[in-house]
Amino acid sequence: MDYKDLANLIFPNSKDISYYEEKYKNRNLDEGAIVTRFAPSPTGFVHLGSLYQVVVARKVAKQTNGVFFLRVEDTDQKREIENGVTGIIESLKDFGLTPDEGMKDEINEIGNYGPYKQSLRKEIYESYAKYLLEQGKAYPCFATPEELEEMRQKQEAAKIRPGYYGVWAKYRNLSVEEAAEKIKNGDSYIIRLRSEGKEDRKIKHHDVIKGNVDFPENDQDIVIIKADGLPTYHFAHAIDDHLMQTTHVIRGDEWLSSVPLHLQLFQMLGFKAPKYAHIAPIMKEDEGGKRKLSKRKDPEAAVSYYTEIGVPKEAVIEYLLNIANSSFELWRKQNPNTSINEFELQLNKMSVSGALFDIVKILDIAKTVISKYSAEKIYEETINWAENYDKELLELLENKEYALKVFGIERGNAKPRKDIAKWSDVKENIEYMYDNKFYEKELEYDYQKIIDKDLIKKILKLYIEKYYNENDDKQMWFDKIKDLAEEVGFAREVKEWKQEPEKWPGHVGDISTVLRVALTSKSNTPDMYEIMQILGKEKVFKRLEKAMEVLNK
RNA sequence: GGCCCCUUGGUCAAGCGGUUAAGACAUCGCCCUUUCACGGCGGGGACAUGGGUUCGAUUCCCGUAGGGGUCACCA
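Just so it is clear, the model here is predicted, and its values are computed rather than measured.

**Q** What is the right way to read the sheet that holds strand β3 (residues 101-103) from this model?
**A** Within a sheet, each strand pairs with its neighbour through backbone hydrogen bonds, oriented either parallel or antiparallel. One open sheet accounts for 4 strands, arranged β1-β2-β3-β4; its pairing is mixed. Each edge of the sheet is formed by a strand with only one pairing partner; in this case those strands are β1 (35-38) and β4 (109-110). Sheet topology places strand β2 (residues 67-70) next to β3; 2 bridges connect them, and they run parallel. Note that in β3 the partner of Leu70 across the bridge is Gly102. Here helix α3 (residues 48-62) sits on the sheet and contacts β1 and β2; the angle it forms with β1, its principal contact strand, is near 160°.

**Q** Any chance you could explain the pattern of salt bridges here in plain terms?
**A** Side chains carrying opposite charge are able to pair once their charged atoms draw close together. Per the counting criterion, the structure on display carries 47 salt bridges. When the shortest N-O distance is used, the salt bridge between Glu318 and Arg332 registers 2.7 Å. Of this pair, Glu318 sits in helix α11 (residues 313-324) while Arg332 sits in helix α12 (residues 327-334), and the two are 14 residues apart along the sequence. Judged by its relative accessible area of 13%, Arg332 falls in the buried class. Measuring nitrogen to oxygen at the nearest pair gives 3.7 Å for the salt bridge that ties Lys437 to Glu431.

**Q** Would you mind going over the protein's contact with RNA strand B with me for this structure?
**A** Near RNA strand B, the surroundings consist of 58 residues, among which Lys202, Lys226, Lys290, Arg417 and Thr525 are the closest. Counting only the atoms of RNA strand B that lie within 4 Å of the protein, the sugar and phosphate share comes to 71%. Every element with two or more residues in the surface near RNA strand B is listed here: α6 (145-157), β6 (190-193), β8 (211-216), α12, α13 (359-371), α20 (474-487), α21 (494-499) and α22 (508-520). In terms of residues, the surface near RNA strand B owes the most to one element, β8, which gives 4 residues. The residue makeup of the surface near RNA strand B, split by class, is 23 nonpolar, 11 polar and 24 charged.

**Q** What should I look at first to understand the sheet that holds β6 in this one?
**A** Strand order in the open sheet formed by 3 strands is β5-β6-β9, with antiparallel pairing between adjacent strands. The strands lining the two open edges of the sheet, one partner per strand, are β5 (138-141) and β9 (223-225). Sheet twist, expressed as the average angle between the axes of neighbouring strands with direction ignored, equals 45°. Here 2 bridges tie β6 to β9, and the two strands are oriented antiparallel to one another. Bridge pairing in β9 links Ile191 to Ile225.

Here is what the cut-offs are and how they apply
Residues numbered from 1 in each chain as written. Chains lettered and ligands numbered in written order. Predicted model: local features only at pLDDT ≥ 70, side-chain atom pairs only at ≥ 80, totals over all residues. Heavy atoms only, no water. Pairing = 2+ DSSP bridges. Helix = DSSP H or I, 4+ residues; strand = E, 2+ residues; numbered from the N terminus. Contact = heavy atoms within 4.5 Å. Axes fitted to C-alpha atoms, helices over the stretch in contact; angles between N-to-C directions. Salt bridge = Lys/Arg side-chain N within 4 Å of Asp/Glu carboxyl O. Buried < 20%, exposed > 50% of the residue type's maximum accessible area, 1.4 Å probe, protein only. Near = heavy atom within 4 Å. Nonpolar A, V, L, I, M, F, W, Y, C, P; charged D, E, K, R; others polar.

This is the structure:
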């Protein structure tokens, strides 16, 4: 009996690997085209760090006319949740980061290199496991969990490197006959790699992001097929990325230390290894220290957080791009209106250590992004958001024509306002333009500099009776406010007043403030002329009268 | 603990043997302005630390400290 017989005993019906090697033809891509993938476990939750990887992986594929695909790594049934794949796909869709091939929903997929769901690739892994068994590069291991635990404890007590290797690899040197007998006996087993590595030898590896890294070779006889018949991550990675012809494995740097193993796997299977790019994690400040942004502790770790609070997807992506390549910021400054597709991302310029997450920065980017939107676009985006998260806002925006006017205030010019960072800011921002919201609560007026009630009343009364005319253009409108200022003894021009402040009790700006506060109950609003135009004479008067009424109390 | 990686202002970061050590966010001040934003100008603020190597180290080497990752039949 030899290795081949043992392999046949374990996997009697597996196809020869040549079947798969031929089935998956070479991708017909341009020279230099990069093939990348996103390979999540279907837990449904997409972490900001994962989105970061997707942005990077998809970008480098796109900019080289390559392929970006989605592979679902569901080899751990214990962790799987219902509709996990859908959750991931929906999140990617929310950010406009749909893959070229791979899973489209829980069951359907597109592409010629599938299945793209690992649990459906069981036969493939078995063929390759058999291939290794035939050559004695893998073997069945009958160690029970208890046995392994005992081994670990001994190793710990003796303060030696833990693991299944060397003399500790109890079933490594079992004869084929002994192994076959145990199998026939019904003993349970898993398949391990018969590692050829030596711990005292170093391998040199060049990571696209991390640069040159030296590691000891892997000498652990790691599990390749688990008791449930599914492969471990490592084995599946080698086979899938070979068959799917991934050129660049872009993943989190928690995998960096597995590189020696992965390289070894590729080598023992006779595959050409892909390039690796290990991305540093996004960190979070915590009690003076840093830690990875955590799914459990940090709401902002979930990408759904951004759709919930209404940060535009472009802003999130731009932020991520900015972390990836800081040159993006400069590029954006020089190309304020260019699509990010034009930006060339360089993997080797990525930071090797993890950046602290900065919500202030992301919101700043969001403000800039939104400031470039048209009123129409803002209206649509706000409606989309409000449909899911704020019914009251949705009602407010029912009158589209009016809403467009409100969103159009000081927008579309060279220096647009930057006061909306997320759609959840909108309501507070526009409420006062709606009478039903405006009169809803007890109105408070803080007239700032002018505190004399009689003077305020006089200003409001004069404005209503003498100066306001809704047909005035902006210049005329403002000239009239100046006239009003003059009539109550204030300076017409701020400049004049600044030169001789003792000459007047105040200036036209103070008068404007009174009108503004009476009109909106806020001291900070955008252009008051536009506000009055949109509100119209009737509402303007009603509001000013209301302010006088409150003053009379 | 073993192995691996990292360490430039509050944060993200350029620079990689000779620089007044960029820029962005944040912060502060001034200007613009009918308010607030926007915009413009300016200020404060950094090469973890100790040794080398060198005419010269933020840049190269070694140690120390600090941070991160990893050591599963999880990915």
